[in-house]
Every structure is written in C-alpha cells, then in structure tokens.
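Residue-level structural notes
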Amino acid sequence: MDKYLPETTPVHPVWNLRLAQQLDARAHKAFKRSSKDFHNMSLQRLTALRALMNSQPTALAAYIIPTADAHNSEYIAPVDARREWISGFTGSAGTAVVTSTEALVWTDGRYYTQFEKEADLKLWTLMKQSLPDTPSIEKWLTNKLQEGAVVGVDPYTFTREEWTPLQTALTKANMKLMPVCKNLVDDVRIQLKDPPPARPNNTIIPLPVKYTGKTSGEKIKELRNKMIDNKVSALVITALDEVAYTLNLRGTDIKYNPVFFSYLIITPDAVKLFVNGELSDDVYSHIKDEGLSDFEVGNYSEVEVYLKKLAKQLSASGSGHSIWLSSSASEAIHRAAAGTDVLEKPLCLKSEVSPVALMKLIKNNVELNGFRRCHVSDGIAVSRFFRWLHNKIDSGATVTEIQASDKLLEFRKENPDFMGPSFETISSAGPHGAIIHYSASRNGIQKAIEKKEIYLLDSGGQYKTGTTDITRTRHMGRSPTPEQRSAFTRVLKGQIMMGSALFPQGVKGNVLDSLARHSLWEVGLDYAHGTGHGVGHFLNVHEGPSGVSWRPYPHDPGLKPGQILSNEPGYYKVGEYGIRIEDLVETVKINKTSHHPRAAGLLGDYDGRGVLGFNTLTLVPHQKECIDVSMLTDFELAYINAYHKRVLETLGAVLSEQGLLDDYNWLQQECAPINRVPGTAAVYKQPDAMI
C-alpha cells in the first residue's frame, strides 16, 4: 500500500452512525471519548502544556508537535506518539500547533472524518492541508502571532529540511524559531502522572550474508571510500532502516518495521553504534564475522554528547573538516554534528540525501533472488487464503474482516522465513474498501464480509529473503455490477500500462504516474494516492528516495536496474466499494531480445541512456469475473493470460509438490485463459513475456 505523498482520500461514509462507530476502532474510541470526562482531560492537557510554554526561560507563543520521532520514521513507537496524546487524534499523519488561545492540527484528507470523531472540537481546530485555501503552518504562524514571538519545537522531531524553511519564514516576520531540547509534551505527561511508555529495547537479530549478499564490512568499506571522495571526516547515519541495512541487523522496536532504535557514526578508524542496552553475544559474533574489527558501542542517549565532542576534536586538529549526514536527519543531530553550541566556528556539514539510502535502493543479486523467492511463498499463502475465503462465504459461513486477516497470517506463518506482517493488513469489505487506510477494529461488532460485496485485501509479509506488499480486489459472489466491472478493468488497464512500460534509465519515478491513471482519466476518474513506492529488503515496506506519484519525490535519483517498486492504481467510490490492484515490480534492463512483451518493438536505446522495464514479482491471479474483456486491447488480454500462465506454472509446481491439490485445482481455474468469445481457445499475440 502506497502511503507516500497522499493527498485527499475518500472519507468514511456515515451511512449509519451507530454501526460506523462500532465497526471503526477509532470512531468507537471517539464515541466513548465524547463525554464530559474526555473534554476535561483534553482541557487539562492543553492547560498544562500552555503553562509550561509560558514558564520557559523565553516564553513560547506557539509550540509545534509533529508526528515524528528522532529518526524521521514513517511509523513511530508509542513513546513518540506525542501529537496523538495531546490532541486525541490517532491518525498516522498530522502536526499540532498550540498557542495560548488556539490548538490546531494540520492533516490531509485521509483523516478529516477521523479527526472530527476523535478530537475535542471545542478545543481543537482541523486544518485541512489538502485544500488550496488552507494556509501552511508557517503562513498561519506569521499571520497570527505578533512580531517578536518565539515558536518552540523539539529539534529531535524536526528534520533540517523542515527546520530551515520555517526558520526563514519566521525570521522574515521578525519572529524566532527556538529549539526546546526537552520535549514539553513528555514533561506534561509526567506532571499529569501519565508518563510516556519506555522506549522499546527489543532483541536485535543478525541477518547472515546468505540473505544480504554483502557483509557489513564490505558496506562500511564502500561508505568510507565515498567519504574520501566527498572529503568528509565522519558519516552520521540516523535513519533506523539505514543503520539496520549497514550492519545487517534487524529488530522489532517499531511494529511491522524490522528496525531498532540506534544511531551509527562512521569515521576513518571507528564504527560506533549507539543503541539501548547491551548487545547479545550473537550480535558481537555476527559483527566479527562480518569483518568489522573497529566496531564500538555507545549508549543511545549519548549520541549528541559524542557528536559535540567529535566536533571539538576535529576543530582542534585543524580546518577543513566536515560531517556528512542526511538532510532528513533531525535538526538536533545537525546542530550537534556541527558543534553549533560548543564551537565559535561550527564545522561544515554536507547535508543531502544519505549515501546509505542510495546504496540500499539498488538491490544486489542475492537480495533480488530473495525477493523472487519470497513472492512465490507469499503468492502461495495469498492464493490459498482466497480459496479458503470463497469456500467459507459460498458455504454461508460468517467471516469477519478481522477473521480473514488472521487466517491470512496463518497461511503466511507456514513459511519458515516469515517474520511477520510488513504493515497492518487492510482487510476491507464493501464501503470500507473506499477508506484507503482502513483498519478493521477488534472492538465491538466486527464487520462481516458479505457475498454481495467487493472485498479489498492489502497486505504484506516480512521474510528474511525480502518484503512483500500485495493488493487484490475480489467480488465475493463473483457477480460485480457493470459499473464495478468497468472500474476494476480501468484500474487493471492502468496497472498493465505501467507494468509493461519501457522508459529511459535515469528518469524520475513520477514520469510514470500518469500511465497508471490514463484509463481512469479518460472518463474523469482518479485516485488520491501515489502509484508506487520503494520497498526495502526485509526492511521498511515504504522505502525512499524513489517512488511513483503525481508529485515528484524530492530526492529521487532516477530509476536504475535492481530497484523494487510497487505498482498500485486504484479507484474508490465513497460509501460503496474500493478497488486497488497492487504488485511489486523489479526494474530490469531491456534490449530487443529481452523476455519482455514490448522488447521486440524497440528501435533504439534512448540515445545510449539504456532501456528499462519492469519484471512483476507478485504472483496472485486477478479475478476474471471482475474484468470486462470488451474493454481490453489484444495486448492487454495477452498480457493478463501470460501473467496467469506464469502464476499457475510457478505456484502450481509448489502446490503439487506439497500435496495441496485442492488449492492447485482452484488456482488452475483462476488462471485459465480469458477468451473474448466463451468456449474458444485463447490466442496469444504477444510472447509469454517477463511481466
């Protein structure tokens, strides 16, 4: 599921308020919170925060509370959920601003209805940032506050990229942006005897080279060579997935993301990991085996002190030293690395896209083979699940959205390399499918999947061999309406257009976005999310800096062979149904003899730039009953049939070997060729290409 760069999203239809409140976990909580007690609690929290703002050495006119941790993580741990605690709004994106008289949250269209259900609207104002008339945070602050006003923010929760434009805007308005290094929300929580939970410190596990294809020693050597080329004295790695990738370690400190809270600092003669607690003997043994003889460990909370000390040492040793770090690292780390508070003349910083982000973007052959293998395993699990679900629904059994999600997890767990879901499964039936980031509730009455409905399943797995992310949409009674069949076919046509595209090496991902929307745009339809995101190797399911969206990814270096992206157009009719079709794809080099459906038509290689295309990794059939064959071109029909043939040949061999003959027979039916005229043999006008 693409969670990058979302904008307006269809909201939960209030077709029955009482039922909606029971079925939606967040709405259910909000229903309970709409009491006088909840209002008093919200008021108490805001009052305490405002008192603390006013009691600072320099009183704060406003305090900003983003949804963020110190590592710019997309998903955050409960200890960092400060905006949620202060506002009551549980959505995964949004920034709160509190002044002496106002409290506001900026969030996008995915969460408008959720905010209005969860927050105390007598105290909090929703700022609909997707709307063109909504001012940005900096514009609102400069218009509302008086000259000389001081705005505070925890510099660990703001990246340098966020800090600089806000600081510039406030300075121009004769205002000041001040770092408040002790988070005020944390202090308020302690005052009110509701302290934040402890920062997770779970077991760190080694990932052997048979999965990674490259030792951490080799990766460090490459990074040190880049440091020499860039004339820097140290490289500071702050993103959790980058630390995990560099050291070939994984963790469970953030749900669904195999990372652990840490920082990594590389100098010419040391590799220092700052982490909570002690490392196990297994980790130390792994580090030794990976060729890191200069490895050191420090306490997670001491990284800022270490960086300031390093800055002083480098400054004392002579001029010309600079520190390399990501522009998405926090303002606090930027200031510490430069020695801003300890040096008369701070060190120079090379603040740009992280070299580790660019390194892990391109998967090596071992990682790519792992991705291919885990998608076979995942395809087996998802296909078996859909057979199970159809059988249950056809027999008249009741299956809820949660029960379906749990059953899919059971199938995935049968693979020994499976480590857990890669994100919270979106198991959505009927109207819930139109809620792009829907989360089924385990509280109250659970929604049953009905035979008359479209069911949208967006899920993924973390395997030691790779990460999966797949969406399939099926009508449970196999009888969609003409409108639903038309919408499904247009989404599928868009996915085929992007999946079969040829393009020059080095183009930005956003160039491809309109291909996936083309068939929908022809009739005035669209979807309000990006078309594709990068995917990590047994790492975060959303991985930058590349992606496919109507809006450019700011640090996209251009597409190259060996990247993993999603291909996921959709369509959502609020209050009725949602359709999304998602595969993961691998970027591959293409020439005239390549096994690709468009290779034979090549006349050039874009003046020497080279030709790229996609190899689809996901292996789960599309529901034929949802396809309007009359809307397909000959190429599209051949493409679907070739894909289904590949799915059957690949998964069928495994199912037969495992003795799962009922599942094999079901898959065989699902993958049977689609014909324009029933009863005739399918004609393949394109090769059984790599798709």
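The rules behind these values
Residues numbered from 1 in each chain as written. Predicted model: local features only at pLDDT ≥ 70, side-chain atom pairs only at ≥ 80, totals over all residues. Heavy atoms only, no water. UniProt positions renumbered as here; feature names shortened; annotations may be inferred. Helix = DSSP H or I, 4+ residues; strand = E, 2+ residues; numbered from the N terminus. Rg over C-alpha atoms; globule rule 2.2 N^0.38 Å. Contact = heavy atoms within 4.5 Å. Areas by Shrake-Rupley, 256 points an atom, 1.4 Å probe, with all protein chains shown as cover. Phe/Tyr/Trp six-rings, centres within 6.5 Å; stacked < 30°, edge-to-face > 60°. Buried < 20%, exposed > 50% of the residue type's maximum accessible area, 1.4 Å probe, protein only. Lys NZ or Arg CZ within 6 Å of the ring centre and 35° of its normal. Pairing = 2+ DSSP bridges. Axes fitted to C-alpha atoms, helices over the stretch in contact; angles between N-to-C directions. Salt bridge = Lys/Arg side-chain N within 4 Å of Asp/Glu carboxyl O. Parallel < 35°, antiparallel > 145°, perpendicular 65-115°, else oblique. Nonpolar A, V, L, I, M, F, W, Y, C, P; charged D, E, K, R; others polar. Polar contact = N/O pair within 3.5 Å; in protein donor to acceptor, adjacent residues only side chain to side chain.

UniProt lists a comment for the chain under the heading Cofactor (unreviewed entry), and it reads "Mn(2+)".

So, the overall build of the chain
Counting secondary structure elements, the chain contains 21 helices and 28 strands. Against the compact-globule benchmark of 26 Å for 691 residues, the chain has a radius of gyration of 26 Å, which places it among compact chains. In terms of overall dimensions, the chain has a C-alpha envelope of 80 × 60 × 50 Å along the principal axes. At a minimum sequence separation of 6, the contacts of the chain that also span at least 24 residues come to 74%. Taken as a whole, the chain presents about 27600 Å² of accessible surface, with 51% of it coming from carbon and sulfur.

With respect to the packing of aromatic side chains
A full pass over the atoms with the stated rule returns 14 aromatic pairs. Relative to Y111, the ring of F89 lies with its centre 5.9 Å away and its plane at 70°, an arrangement referred to as edge-to-face. Here F89 is found in the loop between α4 (82–87) and β2 (95–99), whereas its partner Y111 is found in the loop between β3 (103–107) and α5 (112–118), with 22 residues between them in sequence. Taken individually, F89 and Y111 each receive the classification buried, so the pair is uniform in this respect. An aromatic cluster is built from F89, Y111 and F115, whose rings are joined through pairwise contacts. Taking the ring centre of F411 as reference, the NZ or CZ of K407 above it sits at 5.4 Å.

Comments concerning unusual backbone geometry
Of note, the bond from G544 into P545 is cis; its omega dihedral lies within 30 degrees of zero at 5°. Within the secondary structure layout, P545 lies in strand β23 (residues 543–548). Residues other than glycine seldom take positive phi values, yet D607 does so here, at roughly 55°. Its place among the elements puts D607 in the loop between β27 (583–590) and β28 (611–616).

Structural notes on the environment of N174
Along the polypeptide, N174 turns up in the loop between α7 (160–172) and β6 (176–179). Separated by 19 residues in sequence, N174 and P155 have C-alpha atoms that sit 20 Å apart. Dropping the residues within four chain positions of it, N174 is found in contact with E147, G148 and A149.

Focus: the environment of Y263
Considering the arrangement of structural elements, one finds Y263 in strand β10 (residues 262–267). Excluding anything up to four places from it in sequence, Y263 contacts A70, H71, Y156, I237, T238, V243, K272, L273, F274, Y300, V303 and I333.

Some words on the pairing of β3
β3 sits mainly inside the fold: five of its five residues count as buried. Going residue by residue along β3, you find A103, V105 and T107 tucked away on one face and L104 and W106 tucked away on the opposite face as well. Relative to β3, β2 runs antiparallel, the two sharing four bridges. From the neighbouring strand, T95 faces β3, where its bridge partner is W106. Between β2 and the antiparallel strand that follows it, β3, lie three residues.

What about the UniProt feature "domain: Peptidase M24 C-terminal" (unreviewed entry) in the chain?
UniProt annotation of "domain: Peptidase M24 C-terminal" (unreviewed entry) refers to residues 611–674 when read in the numbering used here. Between the C-alpha atoms that bound residues 611–674 the distance is 31 Å, and the span itself is 53% helix and 9% strand.

A look at the sheet that holds strand β19 (residues 466–467)
Across the sheet, three strands lie side by side as β15-β18-β19; this open sheet has antiparallel pairing. Each edge of the open sheet carries a strand with a single partner, namely β15 (418–421) and β19. Relative to β19, strand β18 (residues 461–463) runs antiparallel, the two being bridged by two bridges. In the sheet register, Q462 faces β19, and the bridge partner there is T467. Lying over the sheet, helix α17 (residues 401–413) contacts β15 and β18, oriented at roughly 165° with respect to β15.

Considerations on helix α11 (residues 240–247)
By the criterion of burial, α11 is predominantly enclosed, with eight of the eight residues buried. Every buried residue belonging to α11 is among L240, D241, E242, V243, A244, Y245, T246 and L247, and all of these are buried. Directly beyond the C-terminal end of α11, a positive phi value near 55° is found at N248.

Quick word on the sheet that holds strand β12 (residues 295–299)
Within a beta sheet, neighbouring strands are joined by backbone hydrogen bonds and run either parallel or antiparallel to one another. Strand order in the open sheet made by the six strands is β12-β11-β10-β8-β13-β14, with mixed pairing throughout. Since the sheet does not close on itself, it has two edges, and those belong to β12 and β14 (348–352), each with one partner. Strand-to-strand twist across the sheet, computed as the mean angle between neighbouring axes with direction ignored, equals 20°. For β10 and strand β11 (residues 270–275), the ladder comprises six bridges, and the chain directions are antiparallel. What sits directly across from Y263, in β11, is F274. Packing of α11 onto the sheet brings it into contact with β8 (234–237), β10, β11 and β12, and relative to β10 it is tilted by some 55°.

Some thoughts on the pattern of salt bridges
Taken as a whole, this structure holds 40 salt bridges when the rule is applied. Among the ionic pairs, R189 bridges to D194, the shortest N-O distance being 3.6 Å. Accessibility expressed as a relative area gives 10% for R189, which makes it buried. Ionic pairing is found between R474 and E670, a salt bridge with its closest N-O pair at 2.9 Å.

Looking at the packing of helix α20 (residues 634–657) against helix α21 (residues 661–670)
Viewed as axis vectors pointing N to C, α20 and α21 meet at an angle of 175°, and their least axial separation amounts to 9 Å. On the basis of their axis angle, the class for α20 and α21 is roughly antiparallel. Residue-level inspection shows H644, V647, L648, L651, G652, L655 and S656 of α20 in contact with α21, the latter providing L661, D663, Y664, L667, Q668 and E670.

So, the packing of helix α18 (residues 482–499) against α20
For the pair α18 and α20, interaxial distance at closest approach is 11 Å and the crossing angle is 85°. Here α20 runs roughly perpendicular to α18, going by the angle between their axes. Here L492, K493, I496 and G499 of α18 come into contact with α20, specifically with F635, E636, Y639 and I640. Here the residues of the contact of α18 with α20 sort into five nonpolar, one polar and two charged.

Considerations on helix α8 (residues 184–191)
Most of α8 is tucked away, with six of its eight residues classed as buried. Taken together, the buried positions of α8 are L184, V185, D186, D187, V188 and R189. With a side-chain oxygen lying 3.0 Å from the backbone nitrogen of V185, the N-terminal cap of α8 falls on N183. Just past α8, the residue K193 takes up positive phi, approximately 60°.

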